[in-house]
Amino acid sequence: QVQLVESGGGLVQAGGSLRLSCAASGRTFSSYAMGWFRQAPGKQRELVAAITSGGSTHYADSVKGRFTISRDNAKNTVYLQMNSLKPEDTAVYYCAAKYYSGTYYYTAPYQYAYWGQGTQVTVSS
């Protein structure tokens, strides 16, 4: 089992940047596939970015070229660097984990077993 704690959200102007962090408990973090999801009011939770245990990445089309997901297994932490933020990026951002050390990345919320509490990101125009 793993527990996830997100941090780094906040209020930023359009065009600005934020870096979200997700700290995981446990000693097998390197064996988990990780994902960042977001959910805006009245909308479904959607994948933003995913990273395999080996570091391969996948991005939603809406954030490609602006967001970067990375992981530091020594620190049990996954990051989401968000640049060129837009008002439509406003949402609660969630970190998620799935115990899987293969090369496949997961894109659907139901595929992840563990979730953080979420952190609010608000982008003003």
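Right, let's walk through the structure included here.

1. Quick word on the state of the cysteines
- Summed over all chains, the structure comprises 1 disulfide.
- Shown here is the disulfide that connects Cys22 with Cys95, its sulfur atoms set 2.1 Å apart. Between Cys22 and Cys95 the sulfur-sulfur dihedral comes to about -80°; the bridge is accordingly left-handed. Here the residue Cys22 occupies a position in strand E3 (residues 18–24), and Cys95 occupies one in strand E9 (residues 91–99), the gap between them amounting to 73 residues. Accessibility classification places Cys22 together with Cys95 in one group, the buried group.

2. With respect to the pattern of salt bridges
- Under the counting rule described, the total for this entry stands at 4 salt bridges.
- In this structure, Asp61 and Lys64 form a salt bridge, with 3.2 Å as the shortest nitrogen-oxygen distance. For the pair shown, Asp61 and Lys64 are each scored as exposed.
- Ionic pairing is found between Arg66 and Asp89, a salt bridge with its closest N-O pair at 2.7 Å. With a gap of 23 residues between them, Arg66 in the loop between strand E6 (57–59) and strand E7 (67–72) and Asp89 in the loop between strand E8 (77–82) and E9 connect regions that are remote in the sequence.
- Since its relative accessible area comes to 1%, Asp89 is described here as buried.

3. Let's talk about the sheet that holds E7
- Within the open sheet, the 4 strands sit side by side as E1-E3-E8-E7. Their pairing is antiparallel. Unpaired on one side and paired on the other, strand E1 (4–7) and E7 mark the two borders of the sheet. Across the sheet, the mean angle from the axis of one strand to that of its neighbour is 15°, orientation sign disregarded.
- The pairing of E7 with E8 spans 6 bridges and is classified as antiparallel. Residue Asp72 lies in a different strand from E8, and its bridge partner there is Thr77.

4. So, unusual backbone geometry
- We note that Asn76 has phi near 55°; this positive angle belongs to a residue other than glycine.
- Structurally, the position occupied by Asn76 is in the loop between E7 and E8.
- For Asn76, a relative accessible area of 16% gives the class buried.

5. So, the nonpolar core
- Within the largest apolar cluster, 30 residues are counted, with the highest numbers of intra-cluster contacts made by Met34, Trp36, Val78, Leu80, Met82 and Tyr93.
- Of all the secondary-structure elements, those providing two or more residues to this core are E3, strand E4 (32–39), strand E5 (46–51), E7, E8, E9 and strand E11 (119–124).
- One finds Leu47, Ala50, Ala96 and Tyr112 within the second-largest nonpolar core, a separate group that totals 7 residues.

6. A short note on the pairing of E5
- Among the 6 residues of E5, 5 are classified as buried, and the element is accordingly described as predominantly covered.
- Where E4 and E5 come together, 5 bridges link them in antiparallel fashion. The residue bridging Gly35 from the neighbouring strand is Ala50, located in E5.
- Hairpin connection from E4 to E5: 6 residues lie between these consecutive antiparallel strands, with Gly42 at a positive phi of about 75°.
- The loop that links E5 with its antiparallel partner E6 comprises 5 residues; one of these, Gly55, has a positive phi angle of about 100°.

Rules used in this analysis
Residues numbered from 1 in each chain as written. Predicted model: local features only at pLDDT ≥ 70, side-chain atom pairs only at ≥ 80, totals over all residues. Heavy atoms only, no water. Disulfide = S-S within 2.5 Å. Helix = DSSP H or I, 4+ residues; strand = E, 2+ residues; numbered from the N terminus. Buried < 20%, exposed > 50% of the residue type's maximum accessible area, 1.4 Å probe, protein only. Salt bridge = Lys/Arg side-chain N within 4 Å of Asp/Glu carboxyl O. Pairing = 2+ DSSP bridges. Axes fitted to C-alpha atoms, helices over the stretch in contact; angles between N-to-C directions. Core = buried A, V, L, I, M, F, W, Y, C linked by side-chain atoms within 4.5 Å.

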